[in-house]
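Structural characterization, general
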Amino acid sequence: MSAVTDQRGAVPVAASAAAPPPPRRRRARGFGSMSLGEKIGRYALLVFVLLICVGPFLWQLSTSLKSRSEDIYTRIPQLWPSEPTISNYTRVMEAIPVWSFIGNSLFVAVLAVAGNVIFSTLAGFALARLRFRGAKVALGLFLATLILPGEATIIANFVTIRTFGLADSLLGVALPGMIAALNVLLMYNAFRQLPAEVDEAAVIDGATAFQRFWSIAMPSVRGTVAVIAIFSFIGAWDDFLWPLIVLTSPDNFTLTIGLQYLSGTFSNDQRMIAAGSMIAFVPIAIVFAVLQRHFFKGVEEGGVKG
Amino acid sequence: MTATDISAPAAGGQPTRRPRRGGGPARTTNRITPWLFLAPALAWLLVFSIWPSLNTIRMAFTNAKPLGGNERYVGLENFALILRDDQVVNALLNSVVFMLICLPLLTILPLLIALLVEKKLPGITFFRTAFYTPVIASAVVVALIWTFMLDDRGLVNGLAQQLSFISEPLPFLTERWLIVISAVSLTVWKGLGYYMIIYLAALGNVGKELHEAAAMDGAGAVRRFTAVTLPGVRGAMLLIAVLVCVAALRVFTEVFIMTGGTGGAGGEALTMVMLIQQYSRGFSGDLGYASALSILMFAITVVPLLLLGKINSRSNA
């Protein structure tokens with residue numbers, strides 16, 4: 001609701017010399033303020049959807065805090081544990097090397113973030129801001145690989161990793177994910193939207209391509225970089241299929257694989273599985289909660305729009 | 001992985017829609033510099049996308065094994081085996097059913113939620129973030145949560161029995177079609193926030209002026225929805241429909257975790273990717289067969305993408 005749209009609406013009214021109030025009032029009711037009833041209705045619906053979206057997490061959290069003497073299969077769900085305990089968490093720590101799994105997941109995720117941020121900004125900048133022969137072909141290559149579902153090449157990728165001698169290693173898990181064609185295109189899009197005049201001056205002053213990239217273009221695309229970093233981290237942290245194929249020795253397990261191992265080994269101990277899944281979920285939830293402002297801002301700026 | 005897929009067609013589609021603004025000045029750099037910028041990304045693309053695609057096609061005609069060893073060409077044998085493989089038929093059927101249920105739910109529900117969180121009410125950022133939480137959680141975590149809830153004695157069966165909807169617990173995790181339906185509910189639940197964001201971006205692009213003009217012309221809320229909102233998000237809706245179809249063909253973790261890696265009794269609820277994964281390891285694995293399955297999977301996922309391209313080019317013409 002900006003002043004511009006109001007004026008635009010008012011001009012024809014004034015021009016036809018009709019009394020302005022009636023249309024403005026009708027418009028105000030539709031858009032400006034919301035009636036109390038509508039507000040209450042909206043919040044009721046919001047809370048309803050909130051329960052559906054967050055409820056299962058709370059249920060799992062509650063189960064992970066229930067003691068062994070408490071029945072977790074009651075017909076009427078008990079959200080609040082009668083005697084809250086962290087013993088399920090300590091039992092998970094005794095059953096699997098949680099810290100080492102977290103370290104493994106972090107290693108993979110950090111490599112994914114670093115690779116995607118560095119490589120896709122460099123490539124996106126070249127495609128968007130430097131003119132050279134073959135640029136269209138390069139762009140076409142990145143676009144073409146978008147339609148390739150990762151699962152379709154996962155077997156061949158495993159063979160490649162095995163050839164490199166990286167089967168059953170964390171580097172083997174991290175390597176293919178260090179760049180995604182999509183991120184190159186997202187950066188290409190972000191760089192393209194900067195007006196050309198911005199770096200024309202820099203060119204006249206004799207700045208090198210890298211100086212233009214680093215000091216002029218990069219500071220303007222921070223939002224998109226944040227989105228790529230967040231998505232890369234979450235993608236690597238949450239990934240299951242690829243590490244499942246690459247890794248065989250428990251020492252190298254990432255958290256998701258460790259969690260699957262836990263649930264397979266202690267399948268009848270639901271409290272322990274619940275505690276394990278909370279250990280995998282809480283860190284990523286915190287990362288997202290801290291960065292969500294950048295995420296939603298970045299998404300609004302570029303990325304998904306269009 | 002899947003999370004980043006959202007903006008793919010957007011990134012590709014934008015150049016045609018927006019006037020060209022960027023594109024740095026010519027004759028500024030030497031010939032080598034741009035390629036230095038591109039080198040790492042291109043190298044990765046070559047090694048982990050283009051080469052594996054070619055290698056998948058090559059391996060589909062071999063009997064390559066996960067543990068290495070002698071490899072020889074077997075002609076079309078793998079493809080002939082696929083045609084006779086009941087598990088492949090099952091997997092494809094599961095995918096189609098999965099897709100048909102997911103498609104309407106995931107194109108409509110996220111739009112309604114996006115309309116709900118679009119208005120900037122106090123606390124709306126909290127709700128948006130909360131609705132997005134299932135998206136950021138690992139599919140493993142989500143599947144474990146739902147496995148517990150859908151257990152014979154779990155939350156869903158318990159509540160349904162308490163309220164006398166059912167007298168016996170439903171075998172959500174063991175009966176074939178109930179497994180598929182459980183996987184659908186899990187996928188829809190996890191996807192709501194993801195597609196909500198796409199709709200939210202699309203709604204932001206629908207001019208407020210249009211809404212106001214329609215309101216001034218006396219259009220009610222329903223009329224404004226069908227005449228202004230729906231046409232405005234049509235592109236996003238098409239995109240989401242395609243994304244949902246492709247995602248349905250790629251389902252893995254949800255069913256894998258819910259069935260403990262088995263795909264239900266007799267493996268009837270297996271998905272395509274689960275089949276590929278099964279043949280990817282161990283002594284009984286067969287990379288040649290897994291590659292042939294990968295090609296089949298790729299061929300099927302391309303169909304919705306081609307459809308989208310066709311619809312897009314028609315509406316632009």
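Not measured: the values here are computed from a predicted model. (Residues numbered from 1 in each chain as written. Chains lettered and ligands numbered in written order. Predicted model: local features only at pLDDT ≥ 70, side-chain atom pairs only at ≥ 80, totals over all residues. Heavy atoms only, no water.)

1. Things to note about the overall build of chain A
Heads up, the rule is: To qualify as a helix, a DSSP run of H or I must reach at least 4 residues; to qualify as a strand, a run of E must reach at least 2; elements of each kind are numbered from the N terminus. For every residue, the accessible area (1.4 Å probe, protein chains only) is compared with the maximum for its type, and the residue is labelled buried under 20%, exposed over 50%, or partly exposed between those bounds. Residue contacts are defined here by distance: any two heavy atoms, one from each residue, within 4.5 Å place the two residues in contact. Only the protein chains shown count as cover for residues, with accessible areas throughout obtained via the Shrake-Rupley method and a probe of 1.4 Å.
For chain A, the count of helices and strands is 15 helices and zero strands. Across the 306 residues in chain A, those meeting the buried criterion constitute 52%. The long-range share in chain A, meaning contacts at least 24 apart out of those at least 6 apart in sequence, stands at 71%. Total accessible area on chain A is roughly 14,100 Å²; 66% of this is exposed by carbon and sulfur atoms.

2. What about a nonpolar patch on the surface?
Residue and element names in this part refer to chain B. To keep it simple, the criterion reads: The patches described consist of residues with a relative accessible area above 30% and no salt bridge, like charges being joined within 9 Å and nonpolar side chains (Val, Leu, Ile, Met, Phe, Trp, Tyr) within 5 Å. By definition, a salt bridge exists where a carboxyl oxygen of Asp or Glu is found within 4 Å of a side-chain nitrogen of Lys or Arg.
A surface patch of nonpolar side chains, amounting to about 650 Å² of accessible area, comprises Val96, Leu100, Ile101, Leu105, Ile108, Leu109, Leu112 and Ile181. A total of seven residues in the nonpolar patch trace back to one element, the largest contributor, which is helix H4 (residues 86-118). As for its position among the elements, isoleucine 108 is in helix H4. For isoleucine 108, a relative accessible area of 45% translates into the label partly exposed.

3. Quick look at the interface of chain B and chain A
Which entries qualify depends on this criterion: Once two parts are put together, the accessible area they lose, assessed with a 1.4 Å probe and summed over both, is termed the buried area.
At the junction of the two partners, chain B supplies 114 residues and chain A supplies 119 residues. Buried area between chain B and chain A, both sides added, is near 10,600 Å², and the carbon and sulfur share of it is 72%. Taken as a group, B:Phe37, B:Ile136 and B:Phe148 account for 8% of the area that chain B buries against chain A, more than any other trio of residues on that side. The interface formed by chain B and chain A contains one salt bridge. One salt bridge in this structure joins A:Glu151 and B:Arg250, with 2.9 Å as the shortest N-O distance.

4. Thoughts on the UniProt feature "transmembrane region" (unreviewed entry) in chain A
Residues and elements named next belong to chain A. Definition in use: UniProt positions are given in the numbering used here, feature names are shortened, and annotations may be inferred rather than shown by experiment.
Following the UniProt record, the feature "transmembrane region" (unreviewed entry) maps to residues 43-61, 106-127, 139-159, 171-191, 212-234 and 273-291 here. Helix makes up 71% of residues 171-191 and strand 0%, whereas the separation of the span's terminal C-alpha atoms amounts to 31 Å. Overall, residues 212-234 shows 83% helix and 0% strand. The separation of its end C-alpha atoms is 30 Å.

5. Side note on the packing of aromatic side chains
This is how the line gets drawn: Two aromatic rings from Phe, Tyr or Trp, using only the six-membered ring of Trp, form a pair when their centres are within 6.5 Å; if the ring planes differ by under 30 degrees the pair is stacked, by over 60 it is edge-to-face, and anything between is tilted. For a ring to carry a charge above it, either NZ of a lysine or CZ of an arginine must fall within 6 Å of the ring centroid while also lying within 35 degrees of the normal to the ring plane.
Using the criterion set out here, one finds 36 aromatic pairs over all chains in the structure. Taken together, the ring pairs in this structure connect A:Phe125, A:Phe191, A:Phe210, A:Phe213, A:Trp214 and B:Phe37 into an aromatic cluster. Above the face of the A:Tyr73 ring, B:Arg153 is positioned so that its terminal group lies 3.8 Å from the ring centre.

6. Regarding the side chain of A:Thr256
Threshold: By the criterion applied in these results, polar contacts are pairs of N or O atoms within 3.5 Å in which, for protein atoms, one can donate a hydrogen and the other can accept it, and in which residues neighboring in sequence qualify only through two side-chain atoms.
Mapped onto the secondary structure, A:Thr256 falls in helix H14 (residues 255-265). In terms of polar contacts, A:Thr256 uses its side chain to reach the backbone carbonyl oxygen of A:Asp239, at 2.8 Å.

7. Quick notes on the UniProt feature "transmembrane region" (unreviewed entry) in chain B
All names here are of chain B. The sites that UniProt annotates as "transmembrane region" (unreviewed entry) are residues 35-54, 96-117, 129-149, 177-204, 225-249, 255-275 and 287-308. Between the end C-alpha atoms of residues 35-54 the distance is 24 Å, and the span holds 100% helix and 0% strand. Here residues 177-204 runs as 100% helix and 0% strand, with 39 Å between its end C-alpha atoms.

8. Remarks on the nonpolar core
To be explicit about the condition: Residues enter a nonpolar core if they are buried and are Ala, Val, Leu, Ile, Met, Phe, Trp, Tyr or Cys, with the set joined through side-chain atoms within 4.5 Å.
A:Phe142, A:Phe191, B:Leu38, B:Phe131 and B:Tyr132 are the most contacted members of the largest nonpolar core, which totals 184 residues. In terms of residue count, the dominant contributor to this core is helix H8 (residues 176-205) of chain B (18 residues).

9. Quick word on helix H7 (residues 154-163) of chain A
Residue and element names in this part refer to chain A. Among the 10 residues that make up H7, eight are buried, leaving the element largely enclosed by the rest of the structure. Among the residues making up H7, those that are buried are Ile154, Ile155, Ala156, Asn157, Phe158, Val159, Thr160 and Ile161. Directly beyond the C-terminal end of H7, a positive phi value near 75 degrees is found at glycine 165.

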